[in-house]
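# Tertiary structure, described
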Amino acid sequence: MVKKNTKCRICSRRKFTKFLILGPQPPANAFLRKKDLKKREKFYPLDVYFCHTCNLAQLLDIVSKEELFRNYIYFTSGMPKISDHFKNYALHVIKKFLKPNDFVVEIASNDGVLLEFFKKRRFKTLGIEPALNIVKVAGKLGIETIPKFFSERLAKQIAKKYGKAKIIMANNVVAHIDDHQDLCRGLNALLSEDGVFILEAPYLIDMFENLTFDTVYHEHLSFLAIRPLSYLFNLHGLEIFDVQVVPVQGMSIRVFAGKKGRHNIKPIVKKLIKKELSCKLDKLGTYKKLALRVSESKSKLMALLKKFKKQGRTIAGYGAPAKGNTILNYYKIGTDILDFAIEHLPSKQGLYTPGTHIPVVPPDYAKQHEPDYYLMLAWNYKKAILEKEKKFRKKGGKFIIPVGDEIEVL
Ligand SMILES: [Zn+2]
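Residues numbered from 1 in each chain as written. Predicted model: local features only at pLDDT ≥ 70, side-chain atom pairs only at ≥ 80, totals over all residues.

As annotated in an unreviewed UniProt entry, the protein chain carries the name SAM-dependent methyltransferase.

Next comes the structure, spelled out in structure tokens:
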């Protein structure tokens, strides 16, 4: 179920240094049913390596994608605010790149919520999504979806059957893909000559600026920045011509790439590469310092939680996102510290967090059992959560933000 890569997925070289050790951990979305709590869970190494050649930060222990993604628990349309984000995204793409009847493909289209915006405006759309349970939901929305993993082979079949795509989108999925060479060959096979590949991914810089190391879990195989991505695209006759930095899931990059020479390259591409170099993302020492900060942050949070427990205070988790499980498992925060984790996604309610077995409950339950403190595992929705929980805070309830060099209590 786990394979060990020996070559870098971008540059194919073999010189690495391991700089962050967070595991072994169970897969972050492997939530458990009550009857499975006594069974033995699978734990895999969760270590991050630095490639000395192209400087990609990456996992080398690869859990089988069949195990991770075939029955996926994350429904895009269930997330608050995400619909606005996608609407603006779709409108931007339509205005900038599309003509009537153009063909729009999305890799990992989830339940089709983004493609729906394109379909409503009469573009040809096709989703590719390996999670069979989620494909069923997309079918109900009327979004044609192929229940497979994207690959060069599939890209060729699609190009033959439907024609070439003007737009291929891949939101929060490139980092999930192990074989980047196959991905790029697939893009070349499916993109029209003036087509645009748009990927959205968490930006590695964010991990350094905000210590968001909890984006490391088995699904995220690469921690992306513009320099290594440029290296990759260049190997395949592709190039990045524009980038937007977007405040979603922490700080993300939306990267626009196309076939070489077909698009004007915007100054922001060079500017971000320069920024990455000035942040020393090409130096191993930078990554080692990051690991040190993570371990210091862990000591601070654990000291605080233990202090509150000693004072007889109650603590619960706010949100049960995948990334929260990285923190819970690495810090060993179990039911001795958190009574439950409140989660509004129905697909997770009634389950237990992998490895740490904290019950995931609906917001109604939490209203009856309000704790003194919430550990805000879903910190990426911090603003919205603080706003929503004004009453709780007025009564003296507090939120603990788990990531950062200093632990915030709000
Ligand atoms: Zn490399």
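Here the narrative resumes, following the displayed structure.
## Remarks on the overall build of the protein chain
Helix and strand counts for the protein chain stand at 14 helices and 19 strands. Looking at the protein chain as a whole, 44% of its 410 residues are labelled buried. Long-range pairs, those at least 24 residues apart, make up 70% of the contacts in the protein chain with a sequence separation of at least 6. (Helix = DSSP H or I, 4+ residues; strand = E, 2+ residues; numbered from the N terminus. Buried ≥ 20, exposed ≤ 12 C-beta atoms within 10 Å, placed from the backbone. Contact = placed C-beta atoms within 7 Å.)

## Thoughts on the environment of Asp194
Here Asp194 lies in strand E10 (residues 191–202). Overall, the presence of 12 C-beta atoms within 10 Å leaves Asp194 in the exposed class. When the C-alpha positions of Asp194 and Asn172 are compared, they lie 23 Å apart, and in sequence the two are 22 residues distant. The contacts of Asp194, once residues within four sequence positions are left out, are Gly258 and Arg262.

## So, the pairing of strand E18 (residues 398–401)
Two elements, strand E17 (residues 373–376) and E18, share 3 bridges in a ladder whose sense is parallel. What sits directly across from Tyr373, in E18, is Lys398. In terms of strand pairing, E18 meets strand E19 (residues 408–409) through 2 bridges, oriented antiparallel. Bridging from a neighbouring strand, Ile400 pairs with Val409 of E19. From the end of E18 to the start of E19, which pair antiparallel, there are 6 residues, and Gly404 there has a positive phi angle of about 135 degrees. (Pairing = 2+ DSSP bridges.)

## Observations concerning the packing of helix H5 (residues 152–162) against helix H6 (residues 180–190)
The geometry of a pair of packed helices is captured by two quantities: the angle between their axes and the separation between those axes. At a minimum axis distance of 8 Å, the contact between H5 and H6 shows a crossing angle of 10 degrees. On the basis of the axis angle, H5 is roughly parallel to H6. From H5, Glu152, Ala155, Lys156, Ile158 and Ala159 reach across to H6, where they touch Asp182, Arg185, Gly186, Ala189 and Leu190. For the contact of H5 with H6, the class distribution of residues is 5 nonpolar, 1 polar and 4 charged. (Axes fitted to C-alpha atoms, helices over the stretch in contact; angles between N-to-C directions. Parallel < 35°, antiparallel > 145°, perpendicular 65-115°, else oblique. Nonpolar A, V, L, I, M, F, W, Y, C, P; charged D, E, K, R; others polar.)

## Looking at the domain arrangement of the protein chain
Once the domains are mapped, the protein chain shows domain 1 (2–61), domain 2 (76–279) and domain 3 (300–409). Contacts between the two partners involve 13 residues from domain 2 and, on the opposite side, 13 residues from domain 3. Partitioned by chemical class, the residues of the side of domain 2 that touches domain 3 number 4 nonpolar, 6 polar and 3 charged. (Domains from an automatic or database assignment.)

## A word on the nonpolar core
Judged by nonpolar contacts, the single largest core of 119 residues is most densely connected at Ile168, Leu338, Ala341, Leu375 and Met376. Sort the elements by how many residues they give to this core and E10 lands first, with 6 residues. Excluding residues that lie within four positions of it along the chain, Met376 makes contacts with Tyr318, Lys382, Ile385, Phe399, Ile400, Ile401 and Pro402. (Core = buried A, V, L, I, M, F, W, Y, C linked by C-beta atoms within 7 Å.)

## Quick word on the sheet that holds strand E12 (residues 238–246)
Spatially, E8-E7-E6-E9-E10-E13-E12 is the arrangement adopted by the 7 strands of the open sheet, whose pairing is mixed. Lying at the two open borders of the sheet, with one neighbouring strand each, are strand E8 (145–146) and E12. Alignment of strand E9 (residues 165–171) against E10, held across 6 bridges, turns out to be parallel. Across the sheet, the residue bridging to Ala165 is Leu191, located in E10. Set on the sheet, helix H8 (residues 226–235) makes contact with E12 and strand E13 (252–259); between it and E12 the angle comes to about 155 degrees.

## Description of the sheet that holds E17
Reading across the sheet, the 6 strands line up as E16-E15-E14-E17-E18-E19 and stay open at both edges, with mixed pairing between neighbours. On the outer flanks of this sheet lie strand E16 (360–361) and E19, each paired with one strand and no other. Judged from the 3 bridges that link them, strand E14 (residues 315–318) and strand E15 (residues 338–342) form a sheet pairing that is parallel. Note that in E15 the partner of Tyr318 across the bridge is Ile342.

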